[in-house]
Amino acid sequence: MTTSFEWDLDKDAENQEKHGVSFDLAQEAFLDPRRVIARDLAHSKSEERFYCFGSAGGGVLTVRFTYRNDVIRIIGAGYWRKGKRIYEQENQVLE
């Protein structure tokens, strides 16, 4: 089964300007075998949203996303300290 991704092109451009991360790069976080997926409880009002914390581009990326028709729709991404901390904590348990 192939995983498909989609995103809004304007939102991608805005994210690149604001956080320096393209949604194309953000897809790589999902390839990390040690990635962590968590529910985004603060933003799950009209649809369920999630975070993916995974290694990509030389750091730990936090990717906010949702599922729409079996496609991962990327909403935002960045290198945030909190995401790195969660990733490291969850992966310590596995070691």
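Up top is the structure these notes are about.
Here is what the cut-offs are and how they apply
Residues numbered from 1 in each chain as written. Predicted model: local features only at pLDDT ≥ 70, side-chain atom pairs only at ≥ 80, totals over all residues. Heavy atoms only, no water. Pairing = 2+ DSSP bridges. Helix = DSSP H or I, 4+ residues; strand = E, 2+ residues; numbered from the N terminus. Buried < 20%, exposed > 50% of the residue type's maximum accessible area, 1.4 Å probe, protein only. Lys, Arg positive; Asp, Glu negative; His and termini not counted. Salt bridge = Lys/Arg side-chain N within 4 Å of Asp/Glu carboxyl O. Contact = heavy atoms within 4.5 Å.

### Some details on the sheet that holds strand β1 (residues 5-6)
Right, on to step 1. Here we have five strands laid out as an open sheet, ordered β1-β5-β4-β3-β2, and mixed in their pairing. The open sheet has two edge strands, β1 and β2 (36-39), and neither has a second partner.
Right, on to step 2. In this structure, strand β4 (residues 59-68) lies alongside strand β5 (residues 71-78), joined through seven bridges in antiparallel fashion. Looking across to β5, one finds that Arg-68 is bridged to Val-71.

### What about the side chain of Arg-64?
Right, on to step 1. Topologically, Arg-64 is positioned in strand β4.
Right, on to step 2. Of the side chains bearing the opposite charge, Asp-40 lies closest to the buried Arg-64, which forms no salt bridge; the N-O distance is 4.1 Å.
Right, on to step 3. When residues no more than four places from it in sequence are discounted, the contact partners of Arg-64 are Asp-40, His-43, Phe-50, Tyr-51, Arg-73, Ile-74, Ile-75 and Gly-76.

### Observations regarding the pairing of strand β3 (residues 49-56)
Right, on to step 1. Direction of pairing for β2 relative to β3: antiparallel, over a ladder of four bridges. Residue Arg-39 lies in a different strand from β3, and its bridge partner there is Phe-50.
Right, on to step 2. As judged from the eight bridges shared by β3 and β4, these two strands associate in the antiparallel manner. Within the sheet, the bridge partner assigned to Ala-56 lies in β4 and is Gly-59.
Right, on to step 3. Connecting the antiparallel pair β3 and β4 is a turn made up of two residues, with Gly-57 showing a positive phi of about 65 degrees.

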